[in-house]
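Residue-level structure breakdown
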2 protein chains.
Amino acid sequence: MAKEGADMTEETEYMINKNVGKEPENVETTGDAKEMRAVILAGFGGLNKLRVTKKAMPELQDGEVKIRVKACGLNFLDLMVRQGTIDNPPKPPVVPGFECSGIIESVAENTAGFEIGDRVMAFVNYNAWAEVVCTPVDFVYKMPDEMTFAEAAAFSLNFVAAYMMLFEVANLREGMSVLVHSAGGGVGQAVAQLCSTVPNVTVFGIASCFKHTAIRDSVTHLFDRNIDYMQEVKKISPEGVDIVLDCLCGENTGKGLTLLKPLGTYILYGASNMVTGETKSFFSFAKSWWQVEKVNPIKLYEENKVIAGFSLLNLLFKHGKSSLVKSVMDKLLCLYEQKKIKPVVDSLWALEEVKEAMQRIHDRGNIGKLILDVEKAPTPLMASDSTETSEAGEEEEEPEGDNDSKERMPFIH
Amino acid sequence: MAKEGADMTEETEYMINKNVGKEPENVETTGDAKEMRAVILAGFGGLNKLRVTKKAMPELQDGEVKIRVKACGLNFLDLMVRQGTIDNPPKPPVVPGFECSGIIESVAENTAGFEIGDRVMAFVNYNAWAEVVCTPVDFVYKMPDEMTFAEAAAFSLNFVAAYMMLFEVANLREGMSVLVHSAGGGVGQAVAQLCSTVPNVTVFGIASCFKHTAIRDSVTHLFDRNIDYMQEVKKISPEGVDIVLDCLCGENTGKGLTLLKPLGTYILYGASNMVTGETKSFFSFAKSWWQVEKVNPIKLYEENKVIAGFSLLNLLFKHGKSSLVKSVMDKLLCLYEQKKIKPVVDSLWALEEVKEAMQRIHDRGNIGKLILDVEKAPTPLMASDSTETSEAGEEEEEPEGDNDSKERMPFIH
C-alpha cells in the first residue's frame, strides 16, 4: 500500500502490485476472473498517491456494457483530479480516468445496438484506468475498423470537445480566425485539424518553443507561450480574432476577451494555470481565481462579445447531454473516415508508468495525447532516470523540455 | 426655445416651431430648400429637452444618399439617449433617432446600386428624426414594393437585432426554447415571429398584463412581468430554456443565467431597468449596475453556459459590421416577402408629438413599434388630455395601462 506521509511526495519507485505479474494478453479469455488491475488514487496530492493494484471487477448494471480495456486517455484534468483541484471531487480511493477504448466483453439488458466483440471507445465517469470498465451505452461509440485502440483513446474527449466548442458554442465559419492556447496538446491539435476542414480559417496557436518544429504545419501562426502573444496577434490581425479557446484561465481570460472581434466568442474550457507544483497549491489556485476577470454583462453589451464556459465531462455526466454528444461523434467519425482528421498520439505508457506520464503532461512535454496502454509492460528504468517531480512551486514557466524522461519514453512517432 | 429649468419637466404644451405651418406634403419638390424640420434634443434630461425646430439641411458626403424621410422608428434607447443614460453620449444639441424610411432624393459619388426615387430604409448614427437624412449606403436597404414606410421604419432595427441574436449570437434550432422580456415591444414581437419560422420552438414571453390579450397568440407561454417568472418557467420546463433575451438588465441577468439549460445562451441587449423616472436617476442606474451579476468565467465552465451582449448600433457604427448586417437584412427581406414576418406598428405620431410617444414607450404602453410619421399633422389635444410625465421615481412597476393617452392616440390597428 502507498505510504501517504508528506515525506513521500518525491517517491520515485514504481508501485507495481506484486500480483500483477501475469500476462495481460490472456486476460480476455478469463471471463470469470474476479479481479483486475487498475490505477488507484489513494488520496488527493502528489504522484505518490497513485498506484496500480488489484481491484474487484465492476458489476454490469442495466443499460451498460462491460469493456475489456485496451487503451485509456490521460488528460490534464486527471492531474487536477489527483491534486483535488476540481469542483466536487469524488471521495478517494478512486480509479481515475474518463475515457478508454477496448472490446465489449459482455452486455446487460437495454444495450441494443452493441454486442460482444464490438470494438468501442467510451466515456466513463471515473474508473477508466483499469483492465475492465462498465459504462452505460449512452457513452459508448463503435470504432471505425481502421482506427487503432490508441487512436480511439486519443479521439473521444479531445475531438468532441474541440468540435463542440468550435461548432456548437461558437459558430466557426469560412474566413474566421481562432486563437488556441496549448496548441500542441490533445485538444489543441484537434482544434487545428477541425479548423482545417473549414475554408480559409486562420489559426493562431500558442505553445512552448520546443514544440514549434513538430506542430508548425498544423496552425497558421505559432507563438511562444512566454512572449506577449496579444501584441503578436494584433500585429497580424489588428481587429482581433473571432474565437479564443482557453484552457489556462487566470490572466488569459482578460487577454482573450480583449483580443475578440465584435461578435467574437471566448471559451474557457480548463484552468491549467491553477496547477503549478505537484500538489495542490492554494496560492496558484487563489491567484488564478483572482486573476480571472469577472465579466460585467454591460461591458459585453457595449463590445458585442460572447463569453462561454465548456466542460465536456459536466455536459455528459451532470447535464445529461449524451445524445447531443453522440450526434457530434457521428459527424467526427465521418470526418475521420474521410481522412480529414486523425488523432495525434504523443506516447504510450503502461498503467504502472502513470506517474511518469502525468509528470510529462504536468511539464507540458507532450505533443498530442498521452495514452495508457493496458497491455504494455513497463519500460525498465535506466540508472540515470529519475521521476523526481519538478515541484515547480509558483513559477509560471514550464521547465524547458523534458530531456530526462525522453530517454526512457516509448514515443510512437 | 425650450425653457430648461427643472420646473419645466412637466411642461405639457406642444413645442411646435412657428415656422412649421406649411404642408409637408409638398416639400419633396423643393429640392433646393435650405432648411428642414427636425426633432432637437437640447440637452440631457426630461421631455422638455425635446422640440421640433428648423435646421439646416444636411450636406451629402461621398458614399452617402440623401433621403426624404417618411417615417422614423422610436426605440427605448432614444429615451436613454434623452436622459444621457448611455455610454459615450453625443454632445447636445443633437437630432435623435437611429432609423428611418423614405425616398432617395439625391446621391453622392460611390453610391452604386442606389438612385433617386428608390424607396429605402436606413440606419443613421443619430439625426434620423428629421425631414431629410444623409447616411452612407452601407446602412441603406431597398424596401420591398409592398412594404409601407411605417412598416419599414418598424422593421430595420427590431428585426435585424432579433435575427442576429437568435441566429448569429445564439444558434436557434428546431425544438429549442426562448425566453424574451418585453415580449410586447418591437424587438419582442420580432423575436416571436422569427421563432415561428423554426419548427417546434417554444417561446416564453414576459409582458405587462394589459398586453396579454393582444399578444397572446404570438408566443407559446405568456407571463405577467410582475410575477416570479422563474418559478413559472420552471414549472413548464424544469430544465430551463435554451436562449434568454434580456433588455432589462439588473437582477434579470442573474435570473436569466440561472434559467439557462446547459449550452444555453443569455443575451443582454438593453438596460431599460436603468430608466425609472423621466430624468436620469443615478439611483436606478447604480441599482441596475449593482444588481447585474458580474460573471465568473469559471462558473460558466462548470455550468456549460454562454453569456453575450448585443448592441446593433455599436455593431454598425463602432464595430464596422455593416456588410454582415446587410446580409442579415437580405435574409429578413426574403422572410418578409414570403409573408413569414411582418413588423407590428403600435402607433403613428407627428414629429411634434415625440414627447407623448416617448412617454408611451417609457410607460411600456406600446405593443410593437412607435413610429414618427414625418408627414402627419399633430392630433389636437383634448381638454382632458395631459402629457404629465409619470415621474415613476424608483418604483419598479410601470403604471397600469395608459388610458389617458389612448384616447388621443392614432392607433393604426
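Residues numbered from 1 in each chain as written. Chains lettered and ligands numbered in written order. Predicted model: local features only at pLDDT ≥ 70, side-chain atom pairs only at ≥ 80, totals over all residues. Heavy atoms only, no water.

**Some remarks on the sheet that holds strand 8 (residues 177–180) of chain B**
- Pairing is mixed across the open sheet formed by twelve strands, whose spatial order is 10(A)-9(A)-8(A)-11(A)-12(A)-13(A)-13(B)-12(B)-11(B)-8(B)-9(B)-10(B). Each edge of the sheet is formed by a strand with only one pairing partner; in this case those strands are strand 10 (221–224) of chain A together with strand 10 (221–224) of chain B. Put simply, the sheet's adjacent strands are angled 15° from each other on average, direction ignored.
- Strand direction decides the pairing type here: strand 8 (residues 177–180) of chain A and strand 11 (residues 241–246) of chain A, joined by three bridges, are parallel. Across the sheet, the residue bridging to Leu179 of chain A is Val244 of chain A, located in strand 11 of chain A.
- In the packing of helix 6 (residues 251–259) of chain A onto the sheet, the strands contacted are strand 8, strand 11, strand 12 (260–268) and strand 13 (306–309) of chain A, and the crossing angle to strand 12 of chain A comes to about 155°. (Pairing = 2+ DSSP bridges. Helix = DSSP H or I, 4+ residues; strand = E, 2+ residues; numbered from the N terminus. Axes fitted to C-alpha atoms, helices over the stretch in contact; angles between N-to-C directions. Contact = heavy atoms within 4.5 Å.)

**Thoughts on the UniProt feature "domain: Enoyl reductase (ER)" (unreviewed entry) in chain A**
- Here the UniProt feature "domain: Enoyl reductase (ER)" (unreviewed entry) sits at residues 45–372 of chain A.
- Taken end to end, residues 45–372 of chain A is 33% helix and 25% strand, and its two terminal C-alpha atoms sit 20 Å from one another. (UniProt positions renumbered as here; feature names shortened; annotations may be inferred.)

**Side note on the relation of the copies chain A and chain B**
- Once turned by 180° and shifted 0.0 Å along the axis, chain A lies on chain B with an RMSD of 0.0 Å. Taken together, the rotation and translation describe the operation of a two-fold axis. (Least-squares fit on C-alpha atoms with pLDDT ≥ 70 in both.)

**Brief notes about the packing of aromatic side chains**
- Applying the stated criterion to the full structure yields 14 aromatic pairs over all chains.
- Centre to centre, the rings of Phe98 of chain A and Tyr126 of chain A are 4.8 Å apart; their planes meet at 55°, and the pair counts as tilted. With Phe98 of chain A in the loop between helix 1 (76–83) and strand 4 (99–107) and Tyr126 of chain A in the loop between strand 5 (119–123) and strand 6 (132–136), this residue pair connects regions lying 28 residues apart in the sequence. Across the pair, exposure class does not vary: Phe98 of chain A and Tyr126 of chain A are buried alike.
- On the basis of an interplanar angle of 80° and a centroid distance of 5.8 Å, the ring pair of Phe123 of chain B and Tyr141 of chain B is categorised as edge-to-face. Pair noted here: Phe123 of chain B is in strand 5 (residues 119–123) and Tyr141 of chain B is in strand 7 (residues 140–142), with a separation of 18 residues, a long-range link. Pair check on accessibility: Phe123 of chain B and Tyr141 of chain B agree, each one buried.
- Feature note: the residues Phe155, Phe159 and Tyr336 of chain A constitute an aromatic cluster, connected by ring pairs.
- The side chain of Arg119 of chain A reaches across the aromatic face of Phe149 of chain A, ending 4.8 Å from its centre.
- The ring of Phe114 of chain A has Lys142 of chain A lying over it, and the distance from NZ or CZ to the ring centre is 5.5 Å. (Phe/Tyr/Trp six-rings, centres within 6.5 Å; stacked < 30°, edge-to-face > 60°. Buried < 20%, exposed > 50% of the residue type's maximum accessible area, 1.4 Å probe, protein only. Lys NZ or Arg CZ within 6 Å of the ring centre and 35° of its normal.)

**What to know about helix 5 (residues 229–236) of chain A**
- If you check which residues of helix 5 of chain A are buried, you get Tyr229, Met230 and Val233 of chain A. Seen end-on, helix 5 of chain A carries its buried residues on one side only, within an arc spanning 100°. (Arc of directions from axis to C-beta.)

**Side note on the domain arrangement of chain A**
Residue and element names in this part refer to chain A.
- Each assigned domain of chain A is listed with its residue range as follows: domain 1 (35–150) and domain 2 (156–343).
- Here domain 1 and domain 2 have C-alpha centroids that lie 26 Å from each other.
- Between domain 1 and domain 2, the contact holds 31 residues from the first and 25 residues from the second.
- Roughly 2300 Å² of surface becomes buried between domain 1 and domain 2 when both sides are summed, with 68% attributable to carbon and sulfur atoms.
- The largest contributions to the domain 1 side of the interface with domain 2 come from Gln83, Phe123 and Tyr141, which together make up 25% of the buried area.
- Counting every contact that joins domain 1 to domain 2 gives zero salt bridges.
- Applying the counting rule to domain 1 against domain 2 returns seven residue pairs in polar contact (both at pLDDT 80 or more). (Domains from an automatic or database assignment. Buried area = accessible area lost by both parts, 1.4 Å probe. Salt bridge = Lys/Arg side-chain N within 4 Å of Asp/Glu carboxyl O. Polar contact = N/O pair within 3.5 Å; in protein donor to acceptor, adjacent residues only side chain to side chain.)

**Digging into the interface of chain A and chain B**
- Opposite the 41 residues of chain A that make contact, chain B presents 41 residues.
- Counting the surface chain A buries against chain B, the share from its top three residues, Leu263, Ile298 and Tyr301 of chain A, is 18%.
- Taken together, chain A and chain B are joined by two salt bridges.
- Among the ionic pairs, Glu168 of chain A bridges to Arg173 of chain B, the shortest N-O distance being 3.4 Å.
- Linking chain A with chain B are twelve residue pairs in polar contact (both at pLDDT 80 or more).
- Going through the elements one at a time, helix 2 (149–169), strand 12, helix 8 (297–303), strand 13 and helix 9 (312–317) of chain A are the ones with two or more residues in the side of chain A that touches chain B.
- The element that contributes the greatest number of residues to the side of chain A that touches chain B is helix 8 of chain A, accounting for six residues.
- In this structure, strand 13 of chain A lies alongside strand 13 (residues 306–309) of chain B, joined through three bridges in antiparallel fashion. The residue bridging Ile307 of chain A from the neighbouring strand is Ile307 of chain B, located in strand 13 of chain B.

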